[in-house]
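Below are the chains, spelled out letter by letter.
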Amino acid sequence: MSVLRYRRPARAWTEALPIGNGYQGAMLFGGVETERLQINEGTAWSGSTASEQLPPTVTAEQARAAVEAARASLLAGDPEAAGTAVRELQHRHSQAFLPFVDLSLRVTPAGSGTWRSEPDLYERSLDLGTATHETRWRRDGTEVRQTSFAGHPDHVLVHRLRAGRPVDVELSLTSPLRTPGAVRSPGGAALAILLQLPSDVRPAHDQVQQPISWDGTPGAALRGAATVALLHDGEVVVGEDGTHATLTNVTTLDLVIATATTFEGMGRPPHGDEHDALVRASAQLTEALERGVPAIRERQLADHRELFGRVSWEMDAREPADGSTGERLLAANAHPRGALAADPRLAVLLFDYGRYLLISCSRRGGTPANLQGIWNDSMRAAWSSGFTTNINLQMNYWPAEVANLPETVPPLIELVEALSRNGRGTARRLYGASGWVAHHNTDIWAYTQPVGEGGHDPKWAFWPFAGPWLVRHLHDHLAYGARSEPDPEEFARRTVWPVTASAAEFLLDWLVEQSDGSLGTAPSTSPENEFLAPGGGAAAVTRSSAMDLGLAAELLQSLLDLAARLGRADDRLVDRARSALARIPAVRVGRDGGIAEWLDDHVAVDPRHRHQSHLYQLFPGAGLDEELRAAASRTLDLRGDDSTGWSLAWRLALRARLGEPEAVSRLLALLFRDMETDRGPWSGGLYPNLFAAHPPFQIDANLGYVAAVAECFVQSHDGRITLLPAVPAEFADGTVRGLVARPGVRVDLEWKQGETGAELVSARLRALHEGACGEHAIAYRGRQLTVRLDRRVTELGGDSLDP
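Residues numbered from 1 in each chain as written. Predicted model: local features only at pLDDT ≥ 70, side-chain atom pairs only at ≥ 80, totals over all residues. Heavy atoms only, no water.

S.K.: Tell me about the environment of Trp598, and please be specific about residues and values.
M.R.: By secondary structure assignment, the location of Trp598 is in the loop between helix 15 (572–581) and helix 16 (626–639). Classification of Trp598 by relative accessible area gives buried; the value is 2%. The sequence separation of Trp598 and Thr542 amounts to 56 residues, and the corresponding C-alpha distance is 7.9 Å. Apart from the residues within four sequence positions on either side, Trp598 is in contact with Ser526, Asn529, Glu530, Phe531, Thr542, Ser544, Ser545, Ala546 and Ala604. (Helix = DSSP H or I, 4+ residues; strand = E, 2+ residues; numbered from the N terminus. Buried < 20%, exposed > 50% of the residue type's maximum accessible area, 1.4 Å probe, protein only. Contact = heavy atoms within 4.5 Å.)

Structure, rendered in structure tokens:
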């Protein structure tokens, strides 16, 4: 059973524990006298669709001049001047994900108001299997139990208190947002708060005098509301403003919490005011209450268990007797070979935690998982807690298909569709191109322009390739069977084709002919990395980064494959794509024996940089041939192991894809470090609540870790289903059930660790949909069998696949 356990309340946000339902998130601190629910609403972002139209506007003439100047500078051998030129393309910034409300409960003995002694019992936990947070404490002989859960079917949060003796409870509903007016709850049966969100929030890394702006003009920003029903067995007095209440002589209290904003959908203008938001929240609350809290709970459990229970990983290793998760992590890190050498079951716990987090923060009807999932307590969180599209947003969804959670993907698909609409205007104005484009930052308004107002470094601000990478996720969804869609073929025709075709239109217009007749990109960057310019300085802008070329080739091949599937192989666009694809250079080996990060094989300023964008084609792409795999391994050796949390997760997946379990072991030791020691801004690990550190907290490493572990167990990127390609020794003997291989095959595995690594005991395979039935190549340790699979389980013994 995967449970996070603690023996004291949280003293910091990264000790609090998360719950969520895809619409709302909450962090629970487990306080003894005062419990705090820090609540997020997934649609609570600054700004609106109007934010992308704010001045300064880069005109088509200015943009054309900037691109021409950059290309001329590159031809002249001056990449630094090219970097200066592309700064002229920068607009302002994407918007920020925000905290919403706090609900606090102060619990005191009935009548007296003061506890006489300290607690003699305390425990708090997060049960991942039931998605339940629980705090239990005893003070002055009174035991108090508080339970919290987030119901996806009913779109509400529920917090329940049970006391062994009567207690008094003071409730307070507050917000860091503006509260434009008070609202009295009908009949005093509920709390409610009205909210105004800011019209603009500058990123925390931008130092400005007025970082947060408030504009009351309709449509300039969202409005919101939260309401809380109070179900109890005592007496209640609600304050005049509807945000405070005092309950007396209570032994049973249920709080049911609903939130709403005036958000109308990804990339669409907001509509209404805070009163409309309150109507929405109240309607949701009323509908849930009509079912009753027991039914809300029953529906929540059924929904969560159906998703979470699809995959299980069992390990033949003991869990330490001390069940406190934070203390386990600290104690395990005292081992000279890393935390998993001392406590290997931490690997299972973090795997389950990642799946839990994805289920909790991304569901149909909600917004995509941002840099912090759906949890944030800061008005100016790191990198705005937004969508960073040069690795982080995509990594959030790497586990969705292989970990059997396709229901988490629809919010990402909706964002990509919105970007494809908004990005058309940006493509025409900035690049004179057809199709759609997006850059390295976006938000729920589907912002598509380069950020920075001329002041940001092009190494991150100039990158017009978010589209091709995001389109990959639509094709992956199809490749695994698009099981979240009612009709996968209709999804392919109505969603994937137009988005892919439009992205390809932009790419074909953006590609430029090189002197040797090949096609490439100029200007170009390799996300966030720099190379040594001819004069000895650092530069980021050049021609044809390996990532540009890899993404370009993949997008065009995806278009061709989809055209064949849909009977559109004769389209003019498909002919153009086929012709262009043949002229895109392949990635190649550079002077250092690794993959060349840029076509001109520049020398990197920082050879141990956290991004490994030039290895995109290895993972998450479709893989490399043997010569290039050796070069990719050399690249990772040169990069070194230590890095940020998300980079460690990517390196884990890359090493797994290469079949290098020893390297996986080294990286696991780094990812499972505790963050008690400050190792600087580029060294990752885990906080006490197992949130992964960039640092600071970013959820991408939590989610990327799940995908990397799955990659150790099964791979299916190359037309085969490869079993146990990179299982490290730390994973001990075990079983994993419910992983999914392309094109939608359930994979259950059992293995034992032997002298040559993990040895297959048995494999059970089953097609999850009719399209996955048929013959499949099954590979293990260099041997390959062809097996016919259908909707029944096919079992293979380890001996049938031994070399």
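Having seen the model, we can carry on.
S.K.: Can you tell me about the environment of Val496, naming the residues and giving the values?
M.R.: For Val496, the location among the structural elements is in helix 13 (residues 488–510). For Val496, a relative accessible area of 0% corresponds to the buried category. For the pair Val496 and Leu474, spaced 22 residues apart in sequence, the C-alpha separation works out to 6.2 Å. Residues within four places of Val496 in sequence aside, it is in contact with Leu474, His475, Leu478, Phe491 and Leu562.

S.K.: Which residues make up the sheet that holds strand 28 (residues 745–754), and what values go with them?
M.R.: Read from one edge of the open sheet, five strands run 16-27-28-29-32, paired in antiparallel fashion. A strand with exactly one partner marks an edge of an open sheet, and here the two such strands are strand 16 (312–315) and strand 32 (794–797). The sheet shows a mean angle of 20° between the axes of neighbouring strands, taken without regard to direction. Across six bridges, the pairing between strand 27 (residues 734–741) and strand 28 is antiparallel. Across the sheet, Leu739 pairs through a bridge with Val747, a residue of strand 28. Packing against the sheet, helix 7 (residues 345–361) makes contact with strand 16 and strand 27, and its axis sits at approximately 170° to strand 16. (Pairing = 2+ DSSP bridges. Axes fitted to C-alpha atoms, helices over the stretch in contact; angles between N-to-C directions.)

S.K.: Account for unusual backbone geometry, naming residues and giving values.
M.R.: Across residues other than glycine, the phi torsion is negative in most instances, and most of the peptide bonds are trans. Residues His694 and Pro695 are joined by a peptide bond in cis, for which omega reads -5°. By secondary structure assignment, the location of Pro695 is in the loop between strand 24 (692–693) and helix 19 (700–713). In this structure, Pro743 follows Arg742 across a cis peptide bond, with omega equal to 5°. Mapped onto the secondary structure, Pro743 falls in the loop between strand 27 and strand 28. For Ser544, which is not glycine, the phi torsion reads 50° and is therefore positive. Here Ser544 falls in the buried class, since its relative accessible area comes to 1%.

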